[in-house]
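# Structural characterization, general
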Amino acid sequence: MIRMESDVIIVALGLSGMATAVAAAEQGLSVIGFEKSDVTGGQANMGMGPFAVESRVQRAAQVSLTLDEAYRKHMEITDYQADAQFVYKYYKKSADTIDWLMDMGVRFEVQRYFPHSECTAHNVLPEGGGPTGPRAASTMVKRLTERAEELGVQMMLQCPVKKILVEDGRPVGVLAVNAEGEEIEAYADAIVVATGGLGTNHAMIKEAYNMELSPNVQYRPIVGINGEGAKMAWEAGAGKSPLAFEWTCGISDNFNHMELEGAFRAKPDLLVNLNGERFINEDVADHVDWVARAILKQPQQVAFMIMDQARLDYLKKYGPEYVDQVHGVDMYNRFEESVRRAQEANYPDLHIADSIEELCEKSGINCENLKKTLAEYNHACATGRDDVLGKDPKYLFPVSTPKYYCCKIVLQTNSPSGGIMVNRNLEVLDPNGKVIPGFYAVGMDAAVIAFGGRYPMCLPGGNMGFCLNGGRICAENIASYLDALDNQ
Ligand SMILES: Cc1cc2nc3c(=O)[nH]c(=O)nc-3n(C[C@H](O)[C@H](O)[C@H](O)COP(=O)(O)OP(=O)(O)OC[C@H]3O[C@@H](n4cnc5c(N)ncnc54)[C@H](O)[C@@H]3O)c2cc1C
């Protein structure tokens, strides 16, 4: 048995764990972080970048959104279920956090997530050059890791925490196991759980929340994120927070068919359900979270985006109206290639047909209804007035020229946020709402404090923004707590 000691122990060195570790070490505290994987940064290594408002990068890009505007939007979207004081505090800190990361050598470019979103995503420019994009945030993780090394944080990789040690009703340390299989008992005055939430651990979600996850949803499993932190925290006396799912939508198996997804997702083209009926004014289709919430209510929780040959030819020539961060304005130039790849892989959700009857036969959409819908919709396109859903006329594109292209749109979600009940200081609460001294949670394990039941997707970068700013706020609170302990 190996024995270790420090001021602070961090259970997991994903994004929130790294931010907490660096910020605590900057406060002069000794920090040990235990991480079960062989790298730091967790799922942030796959992403693009964090939220901030009124940052210097935004000023340089002439983004006029103010802190107060962004805060109000956040609170309205979350139905005021997020902790208002916490949100204001972390939004206020977010510009300084960008400076903090830039001082470590991270470079950012501000972007929107979709046209009607705010320009709050500070997407990381990858080291070695090139544009920002998926996985670019791994550069930010590297800089945080270097800073942690410089500050003497002990980063114990391949060292999963198995248990939180409790004495007199208060966590005092952890039991971990290193790569050689040796047990480590580590003790500290402050313990922080940062294990990334419940992930796609369906069994645990069912057992702890009596929640049956829908088979129609594409839950994106993230290796290593399976609720271990929440489970250990509950065993150590923490209360359970509600869970919040971040709904979005796209095509199935999208990581293998990214280009195809770009062609069918979040575009203002005709969207119908299995009954062949429209269910949303498609001009808002770039709000993938709104579309997802509407799909939640549709039969079998699926939808179909349909376009015809004339529309495809137009898109190839002029590009889509709604461009996202991942697929460029020229995405339709690669359409044939992505269709060929899909067909070679026997991709089941893409249908191309010479007639509406054939399209319905292939896709399963109710044909009689779809024909009725198309008659109405094409009439709206011809007259410039949608009497069914009031869609913005500039997005009324008829579906009348074969071939017809249709792809199934499914619900997608990452790890839900929540699990561990915390207050706005990120102190863990017991089931009665009482603070457990010296016990903290950050990142997705604690994210309900920031998002309530609903992730504000139109303020992009929110997850990483919460992880980074929450980590820094947590470290400040730990420093005050340890100061008070010393002065007792
Ligand atoms: C593909 C993808 C792209 C994304 N892009 C963005 C984006 O651009 N912007 C944005 O804001 N958000 C993005 N996100 C979400 C964001 O990355 C996460 O919300 C954030 O990384 C969560 O941070 P965390 O610290 O809570 O968890 P993580 O960063 O996932 O870290 C959790 C860590 O816990 C470790 N762990 C688990 N159990 C144990 C244990 N028992 N002992 C020790 N270690 C343990 C895991 O190995 C992992 O390293 C993206 C997510 C994905 C999957």
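Rules of the game
Residues numbered from 1 in each chain as written. Predicted model: local features only at pLDDT ≥ 70, side-chain atom pairs only at ≥ 80, totals over all residues. Helix = DSSP H or I, 4+ residues; strand = E, 2+ residues; numbered from the N terminus. Rg over C-alpha atoms; globule rule 2.2 N^0.38 Å. Buried ≥ 20, exposed ≤ 12 C-beta atoms within 10 Å, placed from the backbone. Near = placed C-beta within 6 Å. Nonpolar A, V, L, I, M, F, W, Y, C, P; charged D, E, K, R; others polar. Domains from an automatic or database assignment. Contact = placed C-beta atoms within 7 Å. Pairing = 2+ DSSP bridges. Axes fitted to C-alpha atoms, helices over the stretch in contact; angles between N-to-C directions. Core = buried A, V, L, I, M, F, W, Y, C linked by C-beta atoms within 7 Å. Parallel < 35°, antiparallel > 145°, perpendicular 65-115°, else oblique. Left-handed = near helix turned anticlockwise from the far one by under 90°. Arc of directions from axis to C-beta.

## Describing the overall build of the chain
Across its full length, the chain carries 15 helices and 20 strands. Taken over the C-alpha trace, the chain has a radius of gyration of 24 Å; the compact-globule value for 488 residues is 23 Å, and the two agree within 12%. The principal-axis extents of the C-alpha atoms in the chain amount to approximately 75 × 50 × 40 Å. The buried share among the 488 residues of the chain stands at 50%.

## What about the site of the ligand?
Residues in contact with the ligand amount to 36 residues; listed here are only the nearest, Gly14, Gly42, Gly47, Gly196 and Gly443. Top contributing element to the shell around the ligand by residue count: helix α15 (residues 462-486), with four residues. Residue composition of the shell around the ligand, by class: 16 nonpolar, 17 polar and three charged.

## Section: the domain arrangement of the chain
Entries for the chain in the domain assignment read domain 1 (2-245 + 415-486) and domain 2 (249-413). Every contact between the two is made by 17 residues of domain 1 and, on the other side, 17 residues of domain 2. In terms of residue count, the dominant contributor to the side of domain 1 that touches domain 2 is strand β11 (residues 217-219) (three residues). Its residues placed into classes, the side of domain 1 that touches domain 2 shows 10 nonpolar, six polar and one charged.

## Re the sheet that holds strand β7 (residues 161-167)
In space, the four strands of this open sheet follow the order β1-β9-β8-β7, with mixed pairing throughout. If you trace the sheet from one side to the other, it starts and ends with β1 (2-5) and β7, each paired once. Direction aside, neighbouring strands of the sheet carry axes that sit 25 degrees apart on average. Bridging between strand β8 (residues 170-177) and strand β9 (residues 183-187) involves five bridges; their strand directions are antiparallel. Across the sheet, the residue bridging to alanine 176 is isoleucine 184, located in β9.

## What about the nonpolar core?
Judged by nonpolar contacts, the single largest core of 144 residues is most densely connected at Val11, Val192, Ile409 and Ala441. In terms of residue count, the dominant contributor to this core is α15 (nine residues). Inspection of this core shows a minimum of three residues originating in each of domain 1 (2-245 + 415-486) and domain 2 (249-413). Leaving out residues up to four positions away in the same chain, valine 11 has contacts with Phe34, Val161, Val174, Ile191, Val192, Val193, Ala194, Thr195 and Gly229.

## Here's the deal with the packing of helix α12 (residues 356-363) against helix α13 (residues 367-383)
Contact pair α12 / α13: the axes reach a minimum separation of 10 Å and the direction vectors enclose 130 degrees. As judged from the angle between their axes, α12 and α13 are oblique. Our pair here, α12 against α13, has a crossing hand that is right-handed. Here α12 contributes Ile356, Glu357 and Cys360 to the contact with α13, which in turn contributes Cys367, Leu370, Lys371 and Leu374. Residue composition of the contact of α12 with α13, by class: five nonpolar, no polar and two charged.

## Quick notes on the pairing of strand β17 (residues 404-413)
Of all 10 residues in β17, nine are buried, a share of seventy percent or more. Note that β11 and β17 share three bridges and pair parallel. By the bridge assignment for β17, valine 217 is matched with leucine 411. The pairing of strand β13 (residues 247-250) with β17 spans four bridges and is classified as antiparallel. What sits directly across from glycine 250, in β17, is valine 410. Where strand β15 (residues 302-308) and β17 come together, seven bridges link them in antiparallel fashion. The residue bridging phenylalanine 304 from the neighbouring strand is lysine 408, located in β17. Bridging between strand β16 (residues 350-353) and β17 involves four bridges; their strand directions are antiparallel. Residue pairing in the sheet places histidine 351 in a bridge with cysteine 406 of β17.

## Topic: helix α7 (residues 228-235)
Among the eight residues that make up α7, six are buried, leaving the element largely enclosed by the rest of the structure. Along α7, the positions that sit buried rather than exposed are Glu228, Gly229, Ala230, Lys231, Met232 and Ala233.

## Section: helix α9 (residues 288-296)
Inspection of α9 places Val288, Asp289, Val291, Ala292 and Ile295 among the buried residues, and these make up the whole buried set. In a view along the axis of α9, the buried residues occupy a sector of 160 degrees, so they form one face of it. Of the surrounding elements, those touching the buried residues of α9 are β13, β15 and β17.

## Here's the deal with the sheet that holds strand β10 (residues 190-193)
The strand order β6-β3-β2-β10-β20-β19 describes an open sheet built from six strands, whose pairing is mixed. Of all the strands in the sheet, just β6 (154-156) and β19 (427-429) have a single pairing partner and so form its edges. Ignoring strand direction, the axes of neighbouring strands in this sheet form an average angle of 30 degrees. Taken together, the three bridges between β10 and strand β20 (residues 435-441) define a ladder with parallel strand orientation.

## Some words on unusual backbone geometry
Lysine 403 follows proline 402 through a cis peptide bond whose omega is 5 degrees. If you check the backbone angles, asparagine 210 has positive phi at about 50 degrees while not being a glycine. Assignment of secondary structure puts asparagine 210 in the loop between α6 (202-209) and β11. Not every positive phi belongs to a glycine, and glutamine 301 is a case in point at roughly 50 degrees. Inspection of the secondary structure puts glutamine 301 in the loop between α9 and β15. For glutamine 301, a count of 18 C-beta atoms within 10 Å corresponds to the partly exposed category.

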